[in-house]
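Close look at the chain arrangement
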Amino acid sequence: TNIDLSSLQKASETLSGEIRLDRLIKNLIRITIENAGAERGVLLLSSENQLFIEGEGKAQEASVEVTQSKPLEKAQNIAVNLIRYVERTRQIVVLNDAAAEGEFQDDHYINSQQCKSLLILPLIHKQNLSGILYLENNLVKGAFTEERVRMLHMLSSQIAVSIENGRLYAHLQKANEQLEEYSRTLEKKVGERTRALQKKSDELQKNKENLEKTLYNLEQTQAQLVHSEKMASLGELTAGIAHEIKNPLNFISNFSEISLDFIDELREMVAKMTNKADNELITESNGLFDDLHRNISKISQHSKRADSIIHSMMLHSRGSSGQKEPTDINNLLRESMNLVYHSMRAQHLDFNMDFHETLDENLPKIQAAPQDISRVFLNILNNGSYAAYNKFIMESRDLQPQIWISSSMDRDYVEIRIKDNGPGIPEENRERIFNPFFTTKPTGQGTGLGLSLSYDIVVKQHNGEMTFESRVGEHTEFIIRLPK
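From a predicted model like this one, the values you see are computed outputs, not experimental measurements. By convention here, each chain's residues receive numbers from 1 onward along its written sequence. It should be noted that, the model being predicted, local features are given only for residues of pLDDT at least 70 and side-chain atom pairs only at 80 or more, the latter also being counted only at that level, while totals for whole chains, interfaces and linings use all residues. Only hydrogens and water are set aside; all other atoms, that is, all heavy atoms of the structure, feed into the side-chain values.

A short note on the overall build of the protein chain
Numbering of helices and strands runs from the N terminus; a helix is a DSSP stretch of H or I covering at least four residues, while a strand is a stretch of E covering at least two. When helices and strands are counted, the protein chain shows 11 helices and 13 strands. Only protein chains enter the accessibility calculation, which uses a 1.4 Å probe; a residue is then buried when its area is under 20% of its type maximum, exposed when over 50%, and partly exposed in between. Counting all 484 residues of the protein chain, 42% fall into the buried class. We call two residues in contact whenever any of their non-hydrogen atoms come within 4.5 Å of each other. For the protein chain, long-range pairs separated by at least 24 residues make up 68% of all intrachain contacts whose partners lie at least 6 apart in sequence. Note on areas: these come from Shrake-Rupley sampling with a 1.4 Å probe, and a residue is covered only by the protein chains present in the view. Accessible surface, the protein chain: about 27,000 Å² in total, of which carbon and sulfur atoms supply 48%.

Here's the deal with the pattern of salt bridges
The term salt bridge refers to a side-chain nitrogen of Lys or Arg lying within 4 Å of a carboxyl oxygen of Asp or Glu. Counted by the stated rule, this structure contains 19 salt bridges. Each member of the salt-bridge network shares a partner with another, and the members are Asp-410, Glu-415, Arg-417, Glu-465, Glu-477 and Arg-481.

Some points on the environment of Leu-359
Examined against the element boundaries, Leu-359 turns out to sit in the loop between strand 8 (354-358) and strand 9 (366-368). Accessibility expressed as a relative area gives 13% for Leu-359, which makes it buried. Not counting the four nearest positions on each side in its chain, Leu-359 is found in contact with Asn-330, Leu-333, Arg-334, Ile-405, Ser-406 and Ser-407.

What about the nonpolar core?
By nonpolar core is meant a set of buried Ala, Val, Leu, Ile, Met, Phe, Trp, Tyr and Cys residues that side-chain atoms within 4.5 Å join together. In this structure, Ile-329, Phe-377, Ile-416 and Ile-480 are the most contacted members of the largest nonpolar core, which totals 37 residues. At the level of secondary structure, the elements contributing two or more residues to this core comprise helix 9 (329-347), strand 9, helix 10 (370-394), strand 10 (402-409), strand 11 (413-420), helix 11 (450-461), strand 12 (465-471) and strand 13 (475-483). Looking at this core element by element, the count peaks at nine residues for helix 10. Apart from residues lying up to four places away in sequence, Phe-377 is in contact with Ile-329, Leu-332, Leu-333, Ser-336, Ile-416, Ile-418 and Ile-480. Of all hydrophobic cores here, the second largest spans 25 residues; its members include Ala-11, Ile-31, Leu-119 and Leu-155.

Here we look at the packing of aromatic side chains
By convention, a stacked pair of Phe, Tyr or Trp rings (six-membered ring in the case of Trp) has centres within 6.5 Å and planes under 30 degrees apart, an edge-to-face pair has planes over 60 apart, and any other such pair is tilted. According to the stated counting rule, one finds eight aromatic pairs in the structure shown. Measuring from ring centre to ring centre gives 5.8 Å for Tyr-341 and Phe-355, while their planes differ by 80°; the resulting arrangement is edge-to-face. Here Tyr-341, found in helix 9, pairs with Phe-355, found in strand 8; they are 14 residues apart in sequence, far enough to count as distant. A residue is classified by how much of its surface remains accessible, and Phe-355, at 23% relative accessible area, is partly exposed. For the ring pair Phe-434 and Tyr-455, a centre distance of 4.9 Å and an interplane angle of 35° mean the geometry is tilted. Residue Phe-434 is located in the loop between strand 11 and helix 11, and its partner Tyr-455 is located in helix 11; the two are separated by 21 residues in the primary sequence.

Notes on the sheet that holds strand 1 (residues 40-47)
Spatially, six strands are ordered 3-2-1-6-5-4 in an open sheet, and the strand pairing comes out antiparallel. The outermost strands of the open sheet, each flanked by one partner alone, are strand 3 (65-71) and strand 4 (93-95). Averaged over all adjacent pairs, the angle separating strand axes in this sheet is 15°, with direction ignored. At least two DSSP bridges between two strands are needed for those strands to be called paired. As defined by bridge partners, strand 1 adjoins strand 6 (residues 128-137) across six bridges and the pair is classed as antiparallel. Among the inter-strand pairings, Arg-40 is bridged to a residue of strand 6, identified as Glu-136. Together, strand 1, strand 2 (50-58), strand 3 and strand 6 form the strand contacts of helix 2 (residues 21-36), whose direction differs from that of strand 2 by roughly 60°. Only the stretch in contact is used when fitting a helix axis, every axis being a line fitted to C-alpha atoms; angles between N-to-C directions are given from 0 to 180 degrees.

Thoughts on unusual backbone geometry
Of note in the backbone geometry, Gln-114 takes a positive phi value of approximately 50° without being a glycine. Among the structural elements, Gln-114 can be located in the loop between helix 4 (108-113) and strand 5 (117-125). With relative accessibility at 46%, the residue Gln-114 sits in the partly exposed group. The backbone of Lys-126 sits at a positive phi, close to 55°, despite the residue not being glycine. Within the element layout of this structure, Lys-126 appears in the loop between strand 5 and strand 6. According to the relative accessible area criterion, Lys-126 is exposed, its value standing at 53%.

So, the side chain of Ser-454
Topologically, Ser-454 is positioned in helix 11. Setting aside chain neighbours within four positions, we find Ser-454 in contact with Arg-375, Val-376, Asn-379 and Met-466.

As for the sheet that holds strand 8
Strand order in the open sheet formed by five strands is 8-10-11-13-12, and the pairing between neighbours is mixed. One side of each edge strand has no neighbouring strand; the edge strands of this open sheet are strand 8 and strand 12. Between one strand and the next, the sheet's axes are offset by a mean angle of 15°, whatever the strand orientation. Contacting strand 10, strand 11, strand 12 and strand 13, helix 10 runs over the sheet at an angle of about 25° to strand 11.

Some points on the side chain of Thr-32
Relative to the helices and strands, Thr-32 is located in helix 2. By relative accessible area, which is 2% here, Thr-32 ends up buried. What qualifies as a polar contact is a pair of N or O atoms within 3.5 Å, subject to a donor-acceptor requirement within protein and to the restriction that residues adjacent in sequence count only when both atoms come from side chains. A polar side-chain atom of Thr-32 sits 3.0 Å from the main-chain carbonyl oxygen of Ile-29.

Focus on the pairing of strand 1
Among the eight residues in strand 1, seven count as buried, and that is most of the element. Across eight bridges, the pairing between strand 1 and strand 2 is antiparallel. The partner of Leu-43 across the bridge, within strand 2, is Gly-55. Once strand 1 ends, the chain turns through two residues before running back antiparallel as strand 2, passing Glu-48 with a positive phi of about 50°.

What about the confidence of the model for the protein chain?
Think of pLDDT as the predictor's per-residue confidence, scored from 0 to 100. Summarising the model, the protein chain shows a mean pLDDT of 79, and 80% of its residues fall at 70 or more. Confidence scores differ between elements of the protein chain, with helix 6 (residues 208-244) showing the lowest mean pLDDT of 62 and strand 11 the highest of 95.

Some details on the pairing of strand 6
By the criterion of burial, strand 6 is predominantly enclosed, with nine of the 10 residues buried. Here strand 5 runs beside strand 6; their pairing, made up of nine bridges, is antiparallel. Residue pairing across strands places Pro-122 opposite Ile-132, the latter belonging to strand 6. Counted between consecutive antiparallel strands, the loop separating strand 5 from strand 6 contains two residues, among which Lys-126 sits at a positive phi close to 55°.

Here it is as structure tokens:
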């Protein structure tokens, strides 16, 4: 193939690595001008079934101008009729001498500028027109060769996905600003309410004890409401981002297409080699094999990473009403234990673990949100199983992975203990164990959200306690106390 694979890969990674729309537009126009051999490039984006000019650049200029959504109808330095044709047909148009050939000779801009080479590329995302890339070269006829057009066509899906991700990021930024404004308003209202209650407290000294209890309950309710808002917002944002993660998956598509081309060429080479031993041909085929191997490695790497990201983010975006109801803690523990066991068995064929339970069968049902408490148990059991199994793999296969679960009660609390015989938690990690996004797992295997969310559910949502005890090289035990 005559396509510069390294340039294609570099261009694709540059576009996929930029999420801010203004920077993306600048990089996109610069890259397409360089790789297509264009003298000038213009990017138009579709919004509410209308096309707007969002950026323009020239080969001889260092910077790219990002415009403020200029309507196509007001543009004077562009072939409007030709762009409208591509908008309707969604087909790429390449003209080698636009002023002297084809049905677009009558276009006012083409005629007045005596345009030579023109390339108009539609950008399609999910069968919808995201935008149009307009390239021209009025210095050279036939500037857009077949190889350059093919390379731009391969990049078009990456361009469309990157544009949609940039738009999503801009939308999320706006939503986040609105959320912050709402949070400030809520905090102001809560502050005003708290001050009013405090003033009332000063006036009613005789009822101080009852009022302090009321204030305490209000603060707890406030913390639960804020936590619920944060969880809901996090779930919505996370689910939206997970559905729009297309950059890693786009590598799969791009490199699969290129790999198919390589395979066809290799077949032709092998056919020739059966008739004649040609050292130069053998060397070239070996080079293609190396390129194919690198492509397939990229495909595997990004496929696994994308699957891990989407799975983790969707797992932590599961919604919950937060509604508390009488809950059987022992049943939740047993169900969670079974789920984790079968999940680990599905991932690791050699996985085996001994589970030990010491449950108080007289444990009363408590007011709790069962789905949220189940998520806490699943996170801790999954971490414990992973740690014990990893110790079994890395340190000693003579050591049987084990998990202990227990439940008990005292005057005010139900206590749940979950213990594993993994490697324990190092001293330097213990202060950060409940921090969001902190994880000791290898890159791609953990989000660092499980214990942070579990702590919020137990402490902030249920007014409980969550601690742990650990001895390096021997065990880790998490202790959860929920009010009866």
